[in-house]
Structures are given as structure tokens and as C-alpha cells.
Amino acid sequence: MNPDPSASVQRDSDGRLRHLITLEGMSRDEIVALLDLAQFYVREPGDLPARDQSLAGQTVANLFFEPSTRTRVSFELAAQRLGAEVVNLDMHSSSRVKGETVLDTIYTLQAMRADILVMRDAEPGLPAYVARFVAPHVSILNAGEAHLSHPTQGLLDALTVRQTKGDFTKLRVLIAGDISHSRVARSAWQVFKSLGVAELRIAAPADLMPNKNEFAGARRFENIDDAIRGADVVMALRIQRERIRGAQMPDETSYHRTFGINAQRLKLAAPGAIVMHPGPMNRDVEISSEVADGPQSVIQRQVANGVAVRMAVLATIARNVQARRHFQ
Ligand code: NCD
């Protein structure tokens, strides 16, 4: 397998994380350090959020070339709670539409002294490409890249599993749904692999199953009842309609019947199994409302953890860039 080129682009010459583009190539220790810092930022529901000044004086720009609500708001709150100034660029009505290249947009933001650029794009490759050209004080954070990578989602999923199920090495983790078009599945697989989960399963209808050369080591299922049996973690995924053309598109009602995570199927999972979903959910398609709102669902916890994880990533990247500046 070719090494993922993004994995080396994201490090400075001392090997420190300067950008976050992919979880591929990150060591277990590195991931655990990020999860520990994220846990430090977690508060009980109802308590005031954690705040500090790790990003005081810095500017974070959110550039979302694909629609997003929760991830953008999550990054925005994370940056504000670390004392940064935040700007949101609505890239649908902005410069790319007027024909400006993305690099020119980046140089403009850089000239205004933006320090961290959070990017989401429908095409593969943009974050790693841009990372090669930015000034030394600028970091790129990938907030969702095509079907390939969504590193902060992978980290928040890992944090949620660690909080609720503990030791990864004893867990059977199932990712179910539209695996082939899912960046959430790919980042989850990378992080769970590094953390050494006992068994990784992927379940998808044949049309939505990824290529054989991907998800090495994962057990593959085309039948959801077989896949869910004995699982400790069940992650349901949305059908990524925006990435599917024509014949592959499943009908929602029959998909729910043959593949949806419902209460009856959940009984086949291990006792105390948790149910996850990255959102946005299509209720009663990939997951029934009863399960989504039920006692085994940790979906709201994932959302809460999202802010803490993004604070941890922002603070870590800012610290690494600062450290480098002091040694130069
Ligand atoms: C996911 C995404 O955008 O990749 N959602 C998210 O980050 N909140 C999953 C999805 O869109 O299905």
C-alpha cells in the first residue's frame, strides 16, 4: 500500500504535527495525548464550558466549500473558547465562485494574519495541497475532505468510545452503512486501528462496500444481522447522496428494512453496546428514531466531545507552531 502523502505533509521537519490532514500515520501515543487533552476540556452537561487562552491573539478562519453546520459551529466554539478571533467564510457565495483560485484566497487570509485555516472540501487533496504553500505561521486543519478524511471526527468518535467502553483492546467495533463514500468511516478505521481495537467490522450493501484494498484487516459483512452480533460499538452512517450517482442509490424504505439499525437488531449486539452516528441523521433510514433517542445512544455525547476534541487539536497545533518559532 502506498503511504498516504498527507501523513508527511502535516509534520514539520522535527516531526511535530503542524497541520492536521489525516489520522493515517499517527502513533497510538500521539492519539492518546490528543484524547487526554480533549478529556481535560470535557465538562458535565449543564456545566459551563471549559475556557483558556491557548489561542489568545490568534485568528482562526473557517473555510467551508461544502455545506456544514455542526462541524463549523463546533470549530468556531472551540476556537473562541481558547481565546481566538474567528472568521467564517461562506465559500458558496465567495471568491471561488468569482473565479479566484483557492490559493489566492488563502494568501489573502494569510496577509490578514489568519493563523489557522479550517477547511472542508468535496474534492480530495485540497488541504494537503494548500499546506505546501502556506507561510510558516499558518496551519491547515482538515474538517472533512471528500470521502477520504475527517480527522477530528475520528478523534471525537474515539474519545466517546473511550469514555463509555474503556479499553479499546477488548472491543468489537462495527461501522455500518455507506462505507464507500464515507470519510467518517475512513478516519474511524484509522483511529481504531492505531488504538488496537480487538475487531473492526464494516457492514454495507454490496454497492456501498469499499474497494478490497481499503480497510485492510476489517471483517466485511453484507448482512447487517450477522455484522451486529456481539458488537460493543455500533456506528451508523448516513447514505452520502451527494456522492452517489444513479443506479447505486438505495431506496430509503427498503434500506431501512434491510440495513437500518433498529431496536430489534440492536438486541443482537453485545449487552450494553453503544450506538453512534456522526450526524446529520436520516431518522428511520440508517437508524430508527427509537434507537437514536434510546438509552444506548451516545450521539449527543459525540457532539459535546466534538468541541473538546477540536479545542485539543487547535491548542496542540498552536503549541507546536509556537515551539518551532522559539527555536528559530
Ligand atoms: C459527516 C461529514 O460531513 O462527513 N458529518 C459531520 O461531520 N457532521 C457525516 C455526514 O455528512 O454524513
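Preceding this section is the structure that the text describes.
Residues numbered from 1 in each chain as written. Predicted model: local features only at pLDDT ≥ 70, side-chain atom pairs only at ≥ 80, totals over all residues. Heavy atoms only, no water.

Asker: So what exactly am I meant to see when it comes to the environment of Pro210 here?
Answerer: When you line up the elements, Pro210 lands in the loop between β6 (199-203) and β7 (219-221). For Pro210, a relative accessible area of 7% translates into the label buried. Separated by 107 residues in sequence, Pro210 and Ile317 have C-alpha atoms that sit 32 Å apart. Apart from residues lying up to four places away in sequence, Pro210 is in contact with Ile179, Ser180, Arg186, Ile202, Phe215 and Arg220. (Helix = DSSP H or I, 4+ residues; strand = E, 2+ residues; numbered from the N terminus. Buried < 20%, exposed > 50% of the residue type's maximum accessible area, 1.4 Å probe, protein only. Contact = heavy atoms within 4.5 Å.)

Asker: Could you clarify how one ought to interpret the pattern of salt bridges in this entry?
Answerer: It is possible for side chains bearing opposite charge to pair when their charged atoms get close. Counted by the stated rule, this structure contains 19 salt bridges. Taking the shortest distance from any N to any O, the salt bridge between Asp12 and Arg16 comes out at 3.3 Å. Asp12 sits in the buried class, given a relative accessible area of 11%. On the basis of relative accessibility, which here comes to 24%, the residue Arg16 falls in the partly exposed class. Residue Glu214 pairs with Arg186 through a salt bridge whose shortest N-O separation is 2.7 Å. Linking Glu214 in the loop between β6 and β7 with Arg186 in helix α7 (residues 183-194), this pair joins segments that are 28 residues apart in sequence. Taken together, the shared-partner salt bridges in this structure form one network comprising Asp12, Asp14 and Arg16. (Salt bridge = Lys/Arg side-chain N within 4 Å of Asp/Glu carboxyl O.)

Asker: Can you help me understand the site of the ligand in this one?
Answerer: As a structural note, the neighbourhood of the ligand is formed by Arg70, Thr71, Arg120, His150, Gln153, Arg183, Val184, Arg238, Gln240, Pro278, Gly279 and Pro280. Thr71 places a polar side-chain atom, nitrogen or oxygen, 3.0 Å from an oxygen atom of the ligand. A distance of 3.1 Å separates an oxygen atom of the ligand from a polar atom in the side chain of Arg120. Taken by itself the ligand offers 310 Å² of open surface, and the protein chains cover 94% of this. For the shell around the ligand, the secondary-structure elements that each account for two or more residues are α3 (70-81) and α7. Looking at the shell around the ligand, its residues break down into 3 nonpolar, 5 polar and 4 charged. (Near = heavy atom within 4 Å. Polar contact = N/O pair within 3.5 Å; in protein donor to acceptor, adjacent residues only side chain to side chain. Areas by Shrake-Rupley, 256 points an atom, 1.4 Å probe, with all protein chains shown as cover. Nonpolar A, V, L, I, M, F, W, Y, C, P; charged D, E, K, R; others polar.)

Asker: What is the right way to read the packing of α3 against helix α12 (residues 299-326) from this model?
Answerer: A pair of packed helices can be characterised by two numbers: the angle between their axes and the separation between those axes. Between α3 and α12, the shortest axis-to-axis distance is 8 Å and the interhelical angle comes to 50 degrees. As the angle between them shows, α3 and α12 are arranged oblique. In the packing of α3 onto α12, the handedness of the crossing is right-handed. Of the residues in α12, those touching α3 at Arg70, Thr71, Ser74, Phe75, Leu77, Ala78, Ala79 and Arg81 are Val303, Gly306, Val307, Arg310, Met311 and Leu314. Residue composition of the contact of α3 with α12, grouped by class: 8 nonpolar, 3 polar and 3 charged. (Axes fitted to C-alpha atoms, helices over the stretch in contact; angles between N-to-C directions. Parallel < 35°, antiparallel > 145°, perpendicular 65-115°, else oblique. Left-handed = near helix turned anticlockwise from the far one by under 90°.)

Asker: I'm lost on the environment of Gly217 in this one. Help?
Answerer: Structurally, Gly217 is set in the loop between β6 and β7. Owing to a relative accessible area of 78%, Gly217 belongs among the exposed residues under this scheme. Residues Gly217 and Lys193, 24 residues apart in the sequence, show an inter-C-alpha distance of 9.1 Å.

Asker: It is not clear to me how helix α9 (residues 252-259) should be interpreted in this structure. Could you clarify?
Answerer: A turn of α-helix holds 3.6 residues, and therefore any two residues three or four places apart point the same way. Those residues of α9 not exposed but buried are Tyr255, His256 and Phe259. Seen from one end, α9 has its buried residues packed into an arc of 105 degrees, which puts them on one side. In this structure, α9 carries Thr253 and Arg257 as exposed residues pointing more than 90 degrees from its buried face. (Arc of directions from axis to C-beta.)

Asker: Looking at this structure, I do not really get unusual backbone geometry. What am I missing?
Answerer: When glycine is set aside, most residues are seen to have a negative phi, and most peptide bonds are trans. A cis amide bond links Gly279 with the next residue in sequence, Pro280, at an omega value of -5 degrees. With respect to the helices and strands, Pro280 occurs in the loop between β9 (274-276) and α11 (289-292). Unusually for a residue other than glycine, Arg113 sits at a positive phi of about 70 degrees. In this model, Asp284 sits at a positive phi of 65 degrees, which is unusual for a non-glycine residue. The topology assignment puts Asp284 in the loop between β9 and α11. For Asp284, a relative accessible area of 40% corresponds to the partly exposed category.

Asker: I'm lost on the packing of helix α2 (residues 28-41) against α12 in this one. Help?
Answerer: Running from N to C, α2 and α12 cross one another at 120 degrees; their axes reach a closest spacing of 8 Å. Here α2 lies oblique to α12, going by the angle between them. Remark: the crossing between α2 and α12 carries right-handed chirality. The segment α2 lies against α12, with Leu34, Leu37, Ala38 and Tyr41 engaging Ala308, Val309, Met311, Ala312, Val313, Ala315 and Thr316. Tallied by class, the residues present in the contact of α2 with α12 amount to 10 nonpolar, 1 polar and no charged.

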